[in-house]
Every structure is written in C-alpha cells, then in structure tokens.
Amino acid sequence: MRPCFKLLSDALIDQIIAEGLGLLMDPGVRVHNAEALELLAAAGAPVDLDAQIAHIPEELVRRALETAPSEFHLYDLDGEPVVHYGGDSVQFDPGSAAITILDSKTQQQRPAVTNDFVDFVKLVETLPQLDAQSTAIICSDVPEEVGDLYRLYLALNYMRKPIVTGAFRKDTWWTMKELLETVAGGQQELVARPIAIFDVCPSPPLLWSDLTCQNMIDCARHRIPSELVSMPLAGATAPVTVAGAVVQHTAECMSGVTICQLAQEGAPIVWGGSPAAFDMREGTTPMGAVGTWLIDGAYTEVGKALGMPTHAYLGMTDAKVVDAQCGLESAGGTLIAALAGVNMVSGAGMMDFESCQSYEKLVIDAEIIGMAKRLIAGVDPREDPIALTLMRELGHRADYLAQPHTLRWFSHEQVLPSSVIDRKSLDGWKRQGAKTAWERAGDRVRELLAGYQPTSMSDDMRAELRAITQQAAQRFGLGELPPLPEA
Amino acid sequence: MSNTLLPEITDALVACDAASAVALTQQALASGLEPLTIIKQGLVPGIEQVGERFQAGEYFLPQMVIAAKAMQQAMAVLEPELQARQQRVDSAGVVVIGTVKGDIHEIGKSLVATMMSASGFQVHDLGVDVPSQVFVHKVRETNADLVGLSALLTTTMTAQREVLRALEESGIRDRVRVILGGAPVTPEWADSIGADGYADDAVGAVQLSKRLLG
Ligand code: B1M
C-alpha cells in the first residue's frame, strides 16, 4: 500500500471544478494573445476582442481535458524514458530561473555567471535523487535578452537527464526549440522522445499574457510538452482561503489546457503551479508556508481527478542562508509533494522564495528527496512469512547483523545517506572536525563535482549548439559567448 | 458633536471601516468643519495609527491596504470642497509609478504605490507593462516629483534604463527623481544606469522618496 495524503472530499473536488468552470464563463479569462483569442472564437467561445476576454464554455474545456494526454514521458539524452508524467509517479528537479547563486565562500547571494550554472548542472547530473535538470540559474555574463536560451545551451552541453525549462520572450523560444531539436536529432525525434518541457505561467487572476500564451501555443503546435505554472497568491491575487485559491488555479489551468488543445489536439500539457499563501506581514510569497503546501496538495488532487499529469513548486525555503529554517521548510514541502503524488516536484536547491540557488542546499535537498521517495515506497513485507521463520530461527539471540536476511534487505529498507547527514557518535563527529551541515554539504559538493563524468556529445554537435546560441546572442550585441568551462 | 466626529473618523480608519470613515467625513463637512481640519485632525491621525500598528506587527497588510483605501475614499469626498476653497493638502510629493515595459509583475509595485499614498504622496499608478513614453507623458501631465520603476525580471531591468533615457531625451530628467525596485534590481544597477535610488521593499521606498524629496 502506498502512503498518500488526501485533503479534499470528492464533493469538494466537484465543487471546485464546477466553480472553476463557472469562472471561465463569467467573468471569463483575459487573453492578451491574438492567436489564442482566434482559436477560442473559432471553437465557439464567446470572445470580446476589444476587451481581450474569452468566455470558455464547459464543453470546450471538457473536450480539451479528454484530448490532453493523461501521461507521457521525458527522455534522457541516451533515449531512455526516465521521467514519467502521469499516475502517481513522483520525480524531482531543481527550482528554475534563480536570479542569484549563494556564494559557497561568503554565504552571500551574488549574480551567477556561466561557471556557476555549469557546476550546478554537473551537480544535478551526479545526484541520483534528482530525476531531471532544470534551467535553474540565470547567468549575468550574457545579455539579459538571451538569458533564457543561454541557460539551456549550457545545460545541454553537460547534461544527460531531461530538462525542465522556460522562455522569457516569444522569439527566444524558437532558438530554444532549435537547440533541443539539434540535440534530439531532428524535429520528429524531439516529438517522439521529448527531452524538455517548458513552464508556462498564467498570471493571476485569470490572465494569459501574450508571451506565455504564445510559448504554450508554440509548444503545442510542435508537440513539445508544456507545464502550466499557475500561481494564485492567496490573499493578494487570489482568494485568501485555500479552497478559493484552488478554484482560481483550476480555472487558470483549465483555460490553459483548452488553449493548448485547440492549438494542437493531443499535445502534452501538465497541471502545475507555484502558488503561495501571501505573507500578510512582509508582502512576500512564502514557499515554506504550510498554507502554500495545502494549496499545492489540493490542486494536485483536482488535477488527478481530471486525469491530468501534475507538477508543483515545493521543497523550497524562504530562508536566506542554509540554516534550520531552510531544512525544516524544504523537508516539509518535499514530504507533502511526495505524499500527494506530484509527478514533477520543482524546487530543489532553491531559497529566498524563488530567487536564489545554492549548491549546498541542493545536496542537502537530495537527502530529503531520498527520504521522501523512501517514505512513499511504504512498508513492504518483503518475505512471507514476514519474520516468523527468521525470528524463530534466531530465538532470543540479537544476531541480526550476521543474517543473510539483513544483507538481502538492508539497503532496500533503509535510505543510506551521504556524508551530508551526520549520524556519527559525538566523538566521531568531533574527530571529523565537528562540521555543521553547511560544511559537510560543501565537502560533498566538491566531492561530487570532482567525480562528474563528461557526456559523450560529439564536438560537432557542441559546435552546432554554440553557433545557434552565438547567432542569437549577436542579435543583442554580444560579440563572443563566454568560453565553455572544461567538462 | 463636532468634537467627537474627528476622533470617530480616526477610529473608523483604525478599525478599517471604510463605509463609516466616508459617512463620518460627510457628517463632519455637513456640521461645518473645515476640510483641512477633517484631514489633519481626523484622517491623518488615523492612517498614522494604522501605520504604527503595522510597524509594531500588530496589524497586517489587509488592514493597511483597506485603511489606505478608506482614506482615499474619504479624501474623494473632501476634494471638491478643497477645490471650492482653493486649498490644497500638502502632499509629500507627486509620484508616477509603474512596472516597466515587458513586465507584468504587479504585486510589489502596487504595494509600494499603496504605502506611498498612505504616507502622503499623491500617487499615479500606471499599472504594468508600461512603455517608456507613457511614463514621460504622465510625468509631464502631472508635473511629478518622482518616478518609481518596478522590474521583476532580469530581462526587463533594461527597460528601466530605457525610461531613464526617454526622460533624458524629453529634457525632463532633471525635474524628477527616479527610484527603482524589484527582485533582481540592485543598488549597483541603479547607480550604473543613473537612477537616484533603489529600495528593497515598500517601507524602504517611502523612506527613500522622503529623503530624496525632503
Ligand atoms: C519604484 O520603487 C520600487 C521600490 C521597491 C519595489 C518596487 C519599486 N517594486 C518592487 N519593490 C520591492 O518592494 C516590494 C514590496 O516589498 C517587493 O516587490 P516584489 O515584487 O519583489 O514582492 C512582491 C510583494 C511579492 N512577489 C511577487 O509578486 C513576485 C513573486 C514571484 C513568484 C513571481 C510571480 C508571482 C509571477 N510571475 Co514571475 N514571479 C517571480 C517571483 C519570485 C520572486 N522571488 O520574486 C519571478 C520574478 N518571475 C520569474 C519569471 C521567470 C517569470 N514570471 C512570470 C510571470 C509571473 C506571474 C504573472 C505568473 C506572477 C505575477 C502575478 C502578478 N499579477 O503580479 C513570467 C514573466 C511574465 C512577464 N513578462 O512579466 C516568467 C518569465 C515565467 C514564464 N516563463 O512565464 C522569475 C524571474 C527570473 C529572472 N531571472 O528574471 C522569478 C524570480 C521566479 C523564478 N525564479 O522563476 C520589492 O521587490
């Protein structure tokens, strides 16, 4: 039996969906994108072109929910289906698009440069707990205008795992697609074995901005998976109640699925989000608040009830250093996500809301993720009888360390932590330098980076990726891309 | 009776009761109190108390925002009377604020706008995704003292520079102070593009503006 966690009764789910559908008709959804408005109008939705508002009837939404796939895979660069969107699969990737990196020496945030993100990608490759990469950090050493595609370019050079990404502009999406197709071996190959998924964010309340709507349509048309990141901020841009925020989330996601499926029936799209229970004192969007976790858990249940693959931003912290708050918030969110059965949980490494990435937090989070995955693997009898024969054999002897049963099962039953987690005796811990979690994490980062194995990507392909990126960067006045760090 | 009306207006604001604040303001006018007296002895002490309670951690943003709105509604009642008397409230300054072109992040900018108007600034909020020229026009139209530019994306920070250029090219850069804010913005960035200052949060934005205009 798999442990899970249920927040909503069936009746409450039905009511949330009914109210979400109600919102799509009245007041409708603001759609600041001409192509989407045309698609909706052509499908029979009443559209007010001047006000850019679409009123989306239930039949359209229901049809879209039917045609949207309930599951699909992302592939690694060796062509293996390693990430499963659908059912109760639970997988993890780092939080995306941090503006800064937490400097390992000073423990201060600073703008990241090429080297920082490359090290981050390498770390993610070496951490088995992480199932996918993400374009986690923006590099400040290239023009802002190509910040989104440059991250993807860098990651592609060092990764094998699939990647969660996103575009910040309409035009850069095309370059990103070109990079992905180059790596996948062509347009059809990318469709057959997608290696990336694009985050697309509706704007609360009930708005599709031109940019992200276009990104979603372009993804759909090319059958590149997209992931809705709807973010009701409860009490600021959404009702303050958890259930109310989920109603808004439901409406925004249903509008997204509808536009996506009108652009291309059957295009893969994920029911996801990054909501927050708005902090009423600081005016911030806490990711470590229990209210935030409740919204995530609840909308995941709604998505599953509608047969959609799911995603959530969880496992982050609002702390500014890797301290106790950092650990408790990251662990809480990660465990909730795992128990809720979120297909892709984005957030590892991320702190200070969604602003900063940290290598040290990433390796600590990997331990948390390992524990969460173990937790949902649940309790397995392993043998039948479970222990009767074994215990009768041993009688009253405490000799289990010497038993084949122990050898057979210990590494399945237990999560064997890395040196990040301290379980030494007090003296043993002192002998090893009495290191804090932060220091142990730093050691682990260095150790993992030293063990990173370069990918087998050919020099030709690397050159091709560079040429594509270089060309895009030149449009914004960058002469030469920063050199790629050694693999 | 008029003696109790003024403290009642204060109390209505502190209780975040917009309907009463407006009704009491109307009563106060009808009872012959001067609009400036109503403002200085009724409304301003109220909003100040709300601000103090917020600073003390006793009040939260909903109280702050609702009290600020209540104050605006009460001011709207008094505005025609002030005009009729050719009087003006001493404003801390005229502010034009918005989120720059290409950027639709709204919440931080709106919080800053609310705090500024609660602190006595006359605020013109242009919303989000605001083209440079719209800032320029509004500054001209309102004779603004200060422009606030919010940007939440590394890709749209550059638009802050464009607004500064546009103000420069229109020859009105010298007439206004320009402050910046938003998650990726840093004091160094503000310096490097020639803005007058940077604020980390809404309270900081108010303090900075008061310092710049004081
Ligand atoms: C004039 O003087 C001043 C002075 C002080 C000023 C000031 C002006 N303006 C702000 N301040 C300061 O005072 C305020 C009050 O204390 C503060 O304002 P803030 O705005 O910082 O704080 C608010 C009170 C609460 N905070 C917020 O409202 C922002 C929270 C986060 C999560 C966020 C949100 C909510 C949204 N987002 Co966006 N979003 C993120 C944000 C993460 C983060 N850590 O900031 C950020 C900024 N977003 C990001 C991204 C990538 C995007 N977002 C996008 C969209 C959105 C939503 C629309 C969905 C939503 C905004 C909803 C709305 N109506 O405003 C997209 C862009 C759309 C666009 N063109 O603008 C999109 C590109 C995602 C996509 N692919 O679609 C990231 C930026 C990365 C980067 N390197 O630039 C991001 C850091 C999250 C992340 N890590 O991915 C101070 O900064």
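Position labels on residues start from 1 in each chain and follow its written sequence. All chains are assigned letters beginning at A, and all ligands numbers beginning at 1, according to the order in which they are written. Local features in this predicted model are restricted to residues of pLDDT 70 or higher, and side-chain atom pairs are both shown and tallied only at a pLDDT of 80 or more, whereas totals for entire chains, interfaces and linings draw on every residue. Here the side-chain values reflect all heavy atoms present in the structure, with hydrogen atoms and water set aside.

Student: Residues and numbers for the overall build of chain B, please.
Tutor: Helix and strand definitions here come from DSSP, where helices need a minimum of 4 consecutive H or I residues and strands a minimum of 2 consecutive E residues; each element is numbered from the N-terminal end. Along the backbone of chain B there are nine helices and five strands. Secondary structure of chain B in N-to-C order comes out as α-α-α-α-β-α-β-α-β-α-β-α-β-α. Computation of the radius of gyration draws on C-alpha atoms, with the globule rule given as 2.2 Å multiplied by the number of residues to the power 0.38. The C-alpha radius of gyration computed for chain B amounts to 18 Å, which stays within 12% of the reference 17 Å derived for 214 residues, consistent with globular compactness. For chain B, the spread of C-alpha atoms along the three principal axes comes to 55 × 40 × 25 Å. Between buried and exposed lies partly exposed: a residue is buried under 20% and exposed over 50% of the maximum accessible area for its type, with that area taken using a 1.4 Å probe on protein chains only. Scored against the burial criterion, the 214 residues of chain B give a buried share of 49%.

Student: Which residues make up the overall build of chain A, and what values go with them?
Tutor: Secondary structure assignment for chain A yields 17 helices and 20 strands. Relative to its length of 487 residues, chain A is compact, with a C-alpha radius of gyration of 23 Å against a globular reference of 23 Å. Dimensions of chain A along its principal axes, counting C-alpha atoms only, are 80 × 60 × 50 Å. With 487 residues in all, chain A has 56% of them scored as buried. For chain A, the exposed surface amounts to about 19,500 Å²; the carbon and sulfur share of it is 55%. One finds the centroid of the 38 positive side-chain charges in chain A at a distance of 7 Å from the centroid of its 64 negative side-chain charges. Every accessible area reported is derived by Shrake-Rupley at a probe size of 1.4 Å, with residue values counting cover from the shown protein chains alone. The charge count treats Lys and Arg as positive and Asp and Glu as negative. His and the chain ends do not count. To locate a charge, the coordinates of NZ of Lys, CZ of Arg, CG of Asp or CD of Glu are taken.

Student: Requested: an account of the pairing of strand β18 (residues 344-348) of chain A, with residues and values cited.
Tutor: Along any regular strand, the residues point their side chains to alternate faces of the sheet. Residues and elements named next belong to chain A. Counting buried residues in β18 gives five out of five residues, a clear majority hidden from the surface. A pair of strands is labelled paired if DSSP reports no fewer than 2 bridges between them. Here strand β6 (residues 91-94) pairs with β18 via four bridges, running parallel. In the sheet register, Q91 faces β18, and the bridge partner there is M344. Relative to β18, strand β17 (residues 311-313) runs parallel, the two being bridged by three bridges. Directly across from Y313, in β18, lies its bridge partner S346. Handedness of the β17-helix α11 (residues 324-340)-β18 crossover: right-handed. Orient the strands so they point away from the viewer, and a crossover whose first-strand-to-second-strand path over the helix runs clockwise is right-handed.

Student: Before we move on, can you summarise the site of the ligand with the specific residues and values?
Tutor: Near the ligand lie 46 residues; those nearest to it are G283(A), E354(A), H105(B), E106(B) and S150(B). Nearness here has a simple test: a residue counts as near a molecule or strand if at least one of its heavy atoms is within 4 Å of that partner. The residues that come close to the ligand belong to more than one chain, namely chains A and B. Each polar contact in these results corresponds to two N or O atoms within 3.5 Å; when the atoms are within protein, one needs to be able to donate a hydrogen and the other to accept it, and residues that are neighboring in sequence are counted only if both atoms are side-chain atoms. Residue I104(B) places a main-chain N or O atom 2.8 Å away from an oxygen atom belonging to the ligand. Elements supplying a minimum of two residues to the shell around the ligand: α8 (210-221) of chain A together with α5 (107-118), β3 (146-150), β4 (177-181) and α9 (202-213) of chain B. Ranked by residue count, the leading element in the shell around the ligand is α5(B), at four residues. Residue polarity follows a fixed list, in which Ala, Val, Leu, Ile, Met, Phe, Trp, Tyr, Cys and Pro are nonpolar, Asp, Glu, Lys and Arg are charged, and the others, Gly among them, are polar. Of the residues assigned to the shell around the ligand, the class counts are 26 nonpolar, 14 polar and six charged.

Student: Can you break down the sheet that holds β3(B) residue by residue, with the values?
Tutor: Residue and element names in this part refer to chain B. The strand order across the open sheet built from five strands is β2-β1-β3-β4-β5, with neighbouring strands paired in parallel fashion. Edge positions in the sheet fall to β2 (121-125) and β5 (197-198), since each of these pairs with one other strand and no more. Pairing of β3 with β4 involves five bridges; the strand directions are parallel. Paired with L149 across the bridge in β4 is L180. What makes two residues a contact is simply this: any of their non-hydrogen atoms within 4.5 Å. Note on geometry: axes are lines fitted to C-alpha atoms, helical ones only across the stretch in contact, with angles between N-to-C directions running from 0 to 180 degrees. Each of β1 (93-99), β2 and β3 is contacted by α5, which is oriented at about 155° to β2, the strand it contacts most.

Student: Give me the lowdown on the nonpolar core, citing residues and values where you can.
Tutor: Counting residues in hydrophobic clusters, the biggest one holds 125 residues, and the most contacted among them are V31(A), F117(A), L156(A), V257(A) and W271(A). No other element matches helix α9 (residues 242-263) of chain A, which puts 10 residues into this core. Contact partners of V257(A), with chain neighbours within four places excluded, come to A64(A), L65(A), A68(A), L228(A), I269(A), W271(A) and M308(A). By nonpolar core is meant a set of buried Ala, Val, Leu, Ile, Met, Phe, Trp, Tyr and Cys residues that side-chain atoms within 4.5 Å join together. Ranked by size, the runner-up nonpolar core spans 59 residues in total, among them F278(A), V14(B), A199(B) and L208(B).

Student: Pulling in residues and values, what's your account of the domain arrangement of chain B?
Tutor: Residue and element names in this part refer to chain B. Reported domain spans reflect what an automatic or database domain assignment gives. Once the domains are mapped, chain B shows domain 1 (2-84) and domain 2 (93-213). In this structure, domain 1 and domain 2 have C-alpha centres spaced 28 Å apart. On the side of domain 2, six residues touch domain 1, which itself brings eight residues to the contact. Accessible surface is computed with a 1.4 Å probe, and the buried area is the amount of it that two parts give up when combined, taken over both parts together. Where domain 1 abuts domain 2, roughly 530 Å² becomes buried across the two surfaces, and 80% of that area is made up of carbon and sulfur atoms. By salt bridge we mean one thing: a side-chain nitrogen of Lys or Arg within 4 Å of a carboxyl oxygen of Asp or Glu. For the pair domain 1 and domain 2, the number of links is zero salt bridges. Connecting domain 1 to domain 2 are one residue pair in polar contact (both at pLDDT 80 or more). Top element by residues in the side of domain 1 that touches domain 2 is helix α4 (residues 61-84). It accounts for five residues. Within the side of domain 1 that touches domain 2, the residues separate by chemical class into six nonpolar, two polar and no charged.

Student: Pulling in residues and values, what's your account of empty space enclosed by the protein?
Tutor: All names here are of chain A. As defined here, a cavity is a set of points on a 1 Å grid over the protein atoms alone where a 1.4 Å probe fits but cannot get out. A pocket is an open set with protein on both sides within 12 Å along at least five of seven lines, and residues line them when an atom is within 4 Å of a point. Grid points are joined across faces, edges and corners, and a volume is the space filled by probe spheres set on the points. Per the counting criterion, the structure on display carries one cavity of 30 Å³ or more. If you trace the largest cavity, you find it lined by F92, D93, L314, G315, T334, V345, S346, G347, A348, D365 and I369. Here the lining of the largest cavity takes four residues from β18, the largest share from any one element. Split into classes, the residues belonging to the lining of the largest cavity amount to five nonpolar, four polar and two charged.

Student: Give me a nonpolar patch on the surface: which residues, what numbers.
Tutor: Patch membership requires more than 30% relative accessible area and the absence of a salt bridge. Residues of like charge join within 9 Å; the nonpolar side chains Val, Leu, Ile, Met, Phe, Trp and Tyr join within 5 Å. On the surface, a cluster of nonpolar side chains totalling about 220 Å² of accessible area is made up of L7(A), V290(A) and L294(A). Within the secondary structure, L7(A) is located in the segment before α1 (10-25).

Student: Which residues make up the packing of helix α4 (residues 114-126) of chain A against helix α5 (residues 147-158) of chain A, and what are the values?
Tutor: To characterise two packed helices, one gives the angle between the axes of the helices and the distance between these axes. Residues and elements named next belong to chain A. The geometry of α4 relative to α5 is characterised by a closest axis approach of 9 Å and an angle of 45° between their N-to-C directions. Relative to α5, the element α4 lies oblique. Between α4 and α5 the crossing geometry is right-handed. Note on element contacts: α5 touches α4 through Y150, R151, L154, A155 and Y158, opposite T114, F117, V118, V121, K122 and E125. Should an angle fall under 35 degrees it is called roughly parallel, over 145 degrees roughly antiparallel, and 65 to 115 degrees roughly perpendicular, with every other angle called oblique. Left-handed describes a crossing whose near helix is turned anticlockwise from the far helix through less than a right angle; right-handed describes the clockwise counterpart.

Student: An account of the environment of E34(B) is needed here, citing residue identities and associated values.
Tutor: Residue and element names in this part refer to chain B. Relative to the elements of secondary structure, E34 occurs in the loop between α2 (18-30) and α3 (35-55). In this structure E34 comes out as partly exposed when scored by relative accessible area, which is 33%. Each C-alpha atom of the pair E34 and R85 lies 9.8 Å from the other, and the pair is 51 residues apart in sequence. Setting aside residues up to four positions removed in sequence, E34 forms contacts with R85 and Q87.

Student: Tell me about the interface of chain B and chain A, residues and numbers included.
Tutor: At the interface, 13 residues of chain B touch 16 residues of chain A. Between chain B and chain A, a total of about 1,300 Å² is buried, with carbon and sulfur atoms accounting for 74% of that surface. Sorting the residues of chain B by area buried against chain A places I107(B), T154(B) and T155(B) first, and these three jointly supply 38% of that buried surface. For the pair chain B and chain A, the number of links is zero salt bridges. Counting across the chain B and chain A interface gives two residue pairs in polar contact (both at pLDDT 80 or more). Of all the elements in the fold, those that place two or more residues in the side of chain B that touches chain A are α4 and α5 of chain B.

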